[in-house]
Protein chains: 2
Amino acid sequence: MDKGKSTWQKAAEAKRQAILEAIPPKWRVQHLTPPNDVTGTYIQRFLNPREIEITEADAVSITTQTNSRKWTAVEVTEAFCHRAAIAHQLVNCLHEIFFEDALKVAKELDDHLAATGKPKGPLHGLPVSLKDQFHVKGVDTTMGYVGWIGTFQGRKDDSRARVVESELVRELRNLGAVLFCKTSAPLTLMSGETANNIIEYTYNPNNRLLSSGGSSGGEGALLALRGSPAGFGTDIGGSIRIPAAFNGVFGLRPSAGRMPYEGAANSIDGQNTILSVIGPMATSVESLRLLFKAVLSQKPWLHDPLALPLPWRNDIDMKTQKLIEASARDPSLLAFGIMPHDGVVHPHPPVEEAMTFIKDILQDMGHRVIDWTPELCKEGQIIADKAYSMDSGEDLLSHIALSGEALPLQSFIGKSKHFNAGEVAELNVQKREYMKKYMDYWNRTNDMTATRRPVDAIICPTAPYAAVIPGKFCHSGYTTFINTLDYTTVVIPITFADKEVHTAEDPPQFFNQLDQKVYSEYNAEIYHGAPVGIQIVGKRYEEEKILALAEYITRCVKMYSDEDLEGSNSGCHGIDSSLLSRQRWV
Amino acid sequence: MDKGKSTWQKAAEAKRQAILEAIPPKWRVQHLTPPNDVTGTYIQRFLNPREIEITEADAVSITTQTNSRKWTAVEVTEAFCHRAAIAHQLVNCLHEIFFEDALKVAKELDDHLAATGKPKGPLHGLPVSLKDQFHVKGVDTTMGYVGWIGTFQGRKDDSRARVVESELVRELRNLGAVLFCKTSAPLTLMSGETANNIIEYTYNPNNRLLSSGGSSGGEGALLALRGSPAGFGTDIGGSIRIPAAFNGVFGLRPSAGRMPYEGAANSIDGQNTILSVIGPMATSVESLRLLFKAVLSQKPWLHDPLALPLPWRNDIDMKTQKLIEASARDPSLLAFGIMPHDGVVHPHPPVEEAMTFIKDILQDMGHRVIDWTPELCKEGQIIADKAYSMDSGEDLLSHIALSGEALPLQSFIGKSKHFNAGEVAELNVQKREYMKKYMDYWNRTNDMTATRRPVDAIICPTAPYAAVIPGKFCHSGYTTFINTLDYTTVVIPITFADKEVHTAEDPPQFFNQLDQKVYSEYNAEIYHGAPVGIQIVGKRYEEEKILALAEYITRCVKMYSDEDLEGSNSGCHGIDSSLLSRQRWV
């Protein structure tokens, strides 16, 4: 049956098959004819009520249960392994499956707790999934490259293959987490969709006609299906934020150096004009905080030479919480910049509506809302695009060349000329000057707030699309300018595309041809059910503050989205009920 | 009289003359026949007792006096302006002189204090000198380039020339500092000596046959002559530490991003494999702390996009102070790695003796002393040298080409081939792996300490030479590996070369030809009086800890160096008096 197939195709197919075979037979499903939306009741049919109860809890609830011995690590792990196995069979979201190892670790954790009465750490018994950039002993790290199968980052006969673990992995084990699978990523990682020759394409669980986003697309899809309560992705151009938004989950892109990248595989390693960063993705903001704080408790800076000695700063968290509390009495204490578009590509109707909704909520609550300029986005995007392409794609192409595999449609490889060191330096200066210009703009907003402090956060779309139609992701400008700025960003889900509501009746005045093209590709019918998430953007290293604000805004969005509000509006103040009917919430 | 001189020579001479003419006639000295050592009693002869009292106080004492209105800002400023004027005429250490502006600012500060009863800031009335990389309104920034005279960093007709100020300058003004002069730097900045076509050569005040070091050589020389109580230099390969050591003063090289570089001129701007950093230089460790802490109080991260949100961490300072206190009872609580040489070039006898002395002191006191490997130095030096040269010198040469000026003997311009972006990335990976290797080595020393903590600091020479003979600086390996590691380092003075004591009787087993060459250039007669300073090295971002340790070690060195010890050994414990006679102290 392999006739006519090239070596790389056979290798890819064998690996694809091996992934499936790593799923215990009892969890394999045959002859599926799933609907577009496989979340919720669809995937639940494969699970028993106990498994559903466990897997639909978020990481905070789960650790509460495991720490207090109400749930065992083994039963929690088994439930997630089962659900992840189903998830993969529905949307192709896994690269590596190591359920047996996970159950062994879970058993050890249960024994440890039974013997000592103490949980191993703040993540005791919590299953955690990892994007396939992190090395975990016993399994491959392919990052989607066929040429990396069975090697160490493409190097054959390297003794580190399947033996060494990344620093984050070491820390997660110390914290009591249970690693159980690695999630799919696109070839080269430089893509807003997830496709490679091994798993082929990772589809969106909310609508399998659509993309799960990228590059942490497997992570996003798995979380959407509750096949994992929490995981870690990476982001150099939106790769945590885009899949978080496209899958209706939460993601944190911290500033560079807070999470330990040491010992993880990467694309274009050593390109340091714009650094890729690691961040948590999860099904609640509170879970993002739990994971982020837990990793910091391991003092990554003692083991990762590029990690910064910035522990979790409780004072900043508390100060923000108090500010939020005080804003119940005086809402103008909080100020937000709202940027509905990036001045390059208009968002599709569902995204536009989400931005209007969030602006209306914040205004209705009395918070200070400022129109944020889109004028600075394009320059940031251009700088980022140059950084990604400065080696003319040589690194990426070298990994593709290992197997000679074909490039999936959605892969991005920079076409620029190869920069020399002088040109790299020039780009670094341009980037710094851009960061300064943006910083100065932000600082100047103190003229427009009630407190004379600059705005607390910027809110903007994550992409012009809700979860995009496969092959159509072509504008990363909403996320990449933030990588150039190295700003802290949390993505939260807002709504879903609704074919009845989000019609494209009034096309905007187009900025350019790309804008027109992207807008013309909106199709209310196809996009129906696609999640929409927005970005809450803070300055560099403001993770504690932005997590607290994201939690607050999520609370408010839920409140405004909830149809039965009577007696339950303690989290938000001054609600105008005319806003309430427009949204539905997960 | 200009006949036969080229345009650039005339321009350099005119600028040199203009610097001299900026000194008020009353402070100009004619027909000098100074001795080799112009510090101490020699320079004092130009000053009245009050001026001597003021200028020989350190920054901490001065601000105590100005804050409590015992000394006015005007009298303090005038005294330092006078002494700096003399200093420049003795060793060519200034690029820009703006005493009138300084006195005007000092007057305003006095008026402010009189009117409000409050000092403007923690540096109220403190004269602060700046290496000629910082832009100060009203004067040039040449960095030694003839082609930069009257321009903005070489750009003619740029409206920023003599108008904009660097971020550090803005912050120093906010803090109440009085800026009064800018100090000399070598052409290209990439040199361990200070020479350019404008001021020609900055000599060492302790021995004018020798170099003041570089690249912050003017700063070092001015401080040695007490023409300034404190200033700021920069360091990409030792440029704060070498002149601090060569001039017998103190210097702090913090890790990248703690002090604001925004808006300062630089060499090879945008090269970001190894970042140049700003740090304070002063006549006491306590002054380094005062300046460092004061700048951080301005929250540079709100105005410099590359500055990190790391305020002064009092908890780390306090913890270290308590550790030091506790070590009075149990000296093994403190552990130091001692690296007497870098495995590439042996230090000259005065430096070797200084290292033996410090090791003996620490051992004698009962602290844990560990032999630190020199094996990792060379790799760090090689990486740094590649980083400095990766653009094949194009940036440096372009600034030299502006005027067509000749290159002074001591200038370093990388001769490597021009790297491409892929090679830059490869070097960045090599650097990160090197940092990780060094970190792991350091972490493993927990096996050798009494506390099971890794050693608290490494102590090593700053250069193989005490202040070097002009033209002979050729090995920066003792400092550059630290730039590759981005480790926090404080330089403290230990001793002076003494022709009676530091004879080269037993040449070492040479590592290589360079080692032999450097050693052969030692000459006890010429080097007599040259200061020797050593490095106290901490991990990244350990400024609070290393400043506290440097203060403690300085106290101990003073104690052991003091011939009249009876009843005054409260700062150190367990002194063996046989060690005492070997050293003299400033």
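Residues numbered from 1 in each chain as written. Chains lettered and ligands numbered in written order. Predicted model: local features only at pLDDT ≥ 70, side-chain atom pairs only at ≥ 80, totals over all residues. Heavy atoms only, no water.

The name recorded for chain A in an unreviewed UniProt entry is amidase, from Aspergillus sclerotioniger CBS 115572. Taken verbatim from the UniProt record of chain A, the Sequence similarities (unreviewed entry) comment is "Belongs to the amidase family." (UniProt positions renumbered as here; feature names shortened; annotations may be inferred.)

Colleague: Which parts of the structure should I look at to understand the packing of helix α13 (residues 377-389) of chain B against helix α16 (residues 477-485) of chain B?
Modeller: Residues and elements named next belong to chain B. Where α13 contacts α16, the axes come no closer than 7 Å and their chain directions differ by 75°. Compared by their axis directions, α13 and α16 come out roughly perpendicular. In contact with Cys377, Gly380, Gln381, Ile383, Ala384 and Tyr388 of α13, α16 contributes Gly477, Thr480, Phe481, Asn483 and Thr484. (Axes fitted to C-alpha atoms, helices over the stretch in contact; angles between N-to-C directions. Helix = DSSP H or I, 4+ residues; strand = E, 2+ residues; numbered from the N terminus. Parallel < 35°, antiparallel > 145°, perpendicular 65-115°, else oblique. Contact = heavy atoms within 4.5 Å.)

Colleague: Even after reading the chapter, I still don't get α13 of chain B, so can you show me in this structure?
Modeller: The α-helix advances 3.6 residues per turn, and as a result positions three or four apart in sequence lie on the same side. Residues and elements named next belong to chain B. Across its 13 residues, α13 extends 19 Å between first and last C-alpha, which sits within 8% of the 18 Å expected from 1.5 Å per residue. Where α13 is concerned, the buried positions are Cys377, Gly380, Gln381, Ile383, Ala384, Ala387, Tyr388 and Ser389. Looking at the packing, one finds that the buried side of α13 touches α15 (421-444) and α16. (Expected span 1.5 Å × (residues − 1). Buried < 20%, exposed > 50% of the residue type's maximum accessible area, 1.4 Å probe, protein only.)

Colleague: Quick question: what am I supposed to make of the relation of the copies chain B and chain A here?
Modeller: The two chain copies are related to each other by a rotation about an axis together with a translation along it. Screw-axis analysis of chain B against chain A gives a translation of 0.0 Å along the axis, an RMSD of 0.0 Å, and a rotation angle of 180°. One copy is carried onto the other by what is essentially a two-fold rotation axis. Distance from the rotation axis, computed per C-alpha, reaches its smallest value in chain B at Asn420 of chain B: 2.0 Å. (Least-squares fit on C-alpha atoms with pLDDT ≥ 70 in both.)

Colleague: What is the right way to look at the packing of aromatic side chains in this model?
Modeller: When we look at a pair of aromatic rings, we describe it by the centre distance and by the angle of the planes. Scanning the model with the defined rule gives 34 aromatic pairs over all chains in all. Here the aromatic rings of Trp372 of chain B and Tyr438 of chain B are separated by 6.3 Å at their centres, their planes lie at 35°, and the arrangement is tilted. Here Trp372 of chain B, found in the loop between β12 (368-371) and α13, pairs with Tyr438 of chain B, found in helix α15; they are 66 residues apart in sequence, far enough to count as distant. For the residue pair Trp372 of chain B and Tyr438 of chain B, the accessibility class agrees, reading buried in each case. Members of the aromatic cluster, connected to one another through ring pairs, are Trp372, Tyr434, Tyr438, Tyr441, Trp442, Phe481 and Tyr487 of chain A. (Phe/Tyr/Trp six-rings, centres within 6.5 Å; stacked < 30°, edge-to-face > 60°.)

Colleague: Please explain the nonpolar core as it appears in this structure.
Modeller: A general feature of soluble globular proteins is that nonpolar side chains tend to end up buried together. The biggest cluster of nonpolar side chains holds 131 residues, and the ones touching the most others in it are Leu130, Leu172, Phe232, Ile459, Ile492 and Tyr527 of chain A. A per-element tally of this core places helix α5 (residues 73-91) of chain A first, with eleven residues. Residues in contact with Leu130 of chain A, not counting those within four places in the same chain, are Val136, Leu168, Val169, Leu172, Leu179, Cys181, Lys182, Thr183, Glu219 and Phe232 of chain A. The next biggest cluster of nonpolar side chains, apart from the first, holds 130 residues, and it includes Val91, Leu123, Ile459 and Ala463 of chain B. (Core = buried A, V, L, I, M, F, W, Y, C linked by side-chain atoms within 4.5 Å.)

Colleague: Teacher, can you tell me more about the domain arrangement of chain A here?
Modeller: It is common to report an interface's size as the accessible area lost on association of the parts. Residue and element names in this part refer to chain A. Here chain A is partitioned into domain 1 (7-302) and domain 2 (334-562). Once you take the C-alpha centre of each, domain 1 and domain 2 turn out to be 24 Å apart. Contacts between the two partners involve 56 residues from domain 1 and, on the opposite side, 69 residues from domain 2. For the domain 1 and domain 2 pair, buried surface summed over both sides reaches about 4900 Å², with 62% attributable to carbon and sulfur atoms. Between domain 1 and domain 2 we count four salt bridges in total. The salt bridge partner of Glu543 is Arg258, with a shortest N-O separation of 2.9 Å. Inspection of the domain 1/domain 2 interface yields 34 residue pairs in polar contact (both at pLDDT 80 or more). Taken together, the elements giving at least two residues each to the side of domain 1 that touches domain 2 come down to β4 (195-196), β6 (203-204), β7 (207-211), α9 (241-247), β9 (250-253) and α10 (285-296). Considering every element that reaches the side of domain 1 that touches domain 2, the biggest residue donor is α9, with six residues. A breakdown of the residues in the side of domain 1 that touches domain 2 according to their chemical character gives 26 nonpolar, 22 polar and eight charged. (Domains from an automatic or database assignment. Buried area = accessible area lost by both parts, 1.4 Å probe. Salt bridge = Lys/Arg side-chain N within 4 Å of Asp/Glu carboxyl O. Polar contact = N/O pair within 3.5 Å; in protein donor to acceptor, adjacent residues only side chain to side chain. Nonpolar A, V, L, I, M, F, W, Y, C, P; charged D, E, K, R; others polar.)

Colleague: Would you explain the sheet that holds strand β15 (residues 531-537) of chain A in this entry?
Modeller: Sheets are built from strands paired through backbone hydrogen bonds, the pairs being either parallel or antiparallel. Residues and elements named next belong to chain A. Spatially, eleven strands are ordered β1-β3-β2-β8-β10-β9-β14-β15-β13-β11-β12 in an open sheet, and the strand pairing comes out mixed. Strands at the two margins of the open sheet, each flanked by one partner only, are β1 (94-97) and β12 (368-371). Each neighbouring strand pair of the sheet contributes to a mean axis angle of 25°, computed without reference to strand direction. Note: strand β14 (residues 489-496) against β15, seven bridges, orientation antiparallel. (Pairing = 2+ DSSP bridges.)

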